[in-house]
Amino acid sequence: NAMLTHAAARGVEVVRGVAEALPFSDGSFDHVLIVTTICFVDEPHASMREARRVLRPDGVLVVHVGGPIRPLLKPLNDCGVDCLEGICGPPQSDTT
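Conventions adopted
- Residues numbered from 1 in each chain as written.
- Predicted model: local features only at pLDDT ≥ 70, side-chain atom pairs only at ≥ 80, totals over all residues.
- Heavy atoms only, no water.
- Helix = DSSP H or I, 4+ residues; strand = E, 2+ residues; numbered from the N terminus.
- Contact = heavy atoms within 4.5 Å.
- Areas by Shrake-Rupley, 256 points an atom, 1.4 Å probe, with all protein chains shown as cover.
- Core = buried A, V, L, I, M, F, W, Y, C linked by side-chain atoms within 4.5 Å.
- Buried < 20%, exposed > 50% of the residue type's maximum accessible area, 1.4 Å probe, protein only.
- Phe/Tyr/Trp six-rings, centres within 6.5 Å; stacked < 30°, edge-to-face > 60°.

Broken down by element type, the protein chain carries four helices and two strands. The helix and strand sequence of the protein chain, counted from the amino end, reads α-β-α-β-α-α. For the protein chain, long-range pairs separated by at least 24 residues make up 60% of all intrachain contacts whose partners lie at least 6 apart in sequence. Approximately 6,700 Å² of the protein chain is accessible, and the part contributed by carbon and sulfur atoms is 56%.

Okay, here's the thing in structure tokens:
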């Protein structure tokens, strides 16, 4: 894959995997960043469980989506993630 080769050439450690089964040990990361991804995974609940699993207990999970956040709040909350909807964007009822 050209993007993986490009990233590796720039010094980025490249690891292949899928969001629903991350190839990392429990509590491996201080931060997990999911940008414009959760909308496209096959199983959002499994993806959020995996993000939570690889995060250290005091870690930070940041999720960014390009569209309405409300449909994704349940998978996040179900996985023990505190969601601050106002940070992600306005509630759907406030949009026009």
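Once that is clear, we can look at the side chain of serine 47. One can find serine 47 in helix α2 (residues 44-54). Apart from the residues within four sequence positions on either side, serine 47 is in contact with Ala19, Glu20, Ile38 and Val41.

This brings us to the nonpolar core. Grouped together as the largest cluster of nonpolar side chains are eleven residues: Val32, Ile34, Ile38, Val41, Met48, Ala51, Val54, Leu55, Leu61, Val63 and Val65. Of all the secondary-structure elements, those providing two or more residues to this core are β1 (29-35), α2 and β2 (55-64). The contact partners of valine 54, leaving out residues within four places of it in the chain, are Leu22, Phe24, Ser25, Asp26, Gly27, Ser28, Phe29 and Val32.

To continue, consider the environment of proline 44. Mapped onto the elements, proline 44 comes out in helix α2. Residue classification places proline 44 among the partly exposed positions, given a relative accessible area of 25%. It is 8.6 Å that separates the C-alpha atoms of proline 44 and alanine 19, two residues lying 25 residues apart in sequence.

Let us look at the packing of aromatic side chains. Within the structure shown, the criterion is met by one aromatic pair. A centroid spacing of 5.0 Å and a plane angle of 85° characterise the contact between phenylalanine 24 and phenylalanine 29, whose relative ring orientation is edge-to-face. The class of phenylalanine 24 is partly exposed, set by a relative accessible area of 31%. The partly exposed category is assigned to phenylalanine 29, whose relative accessible area is 30%.

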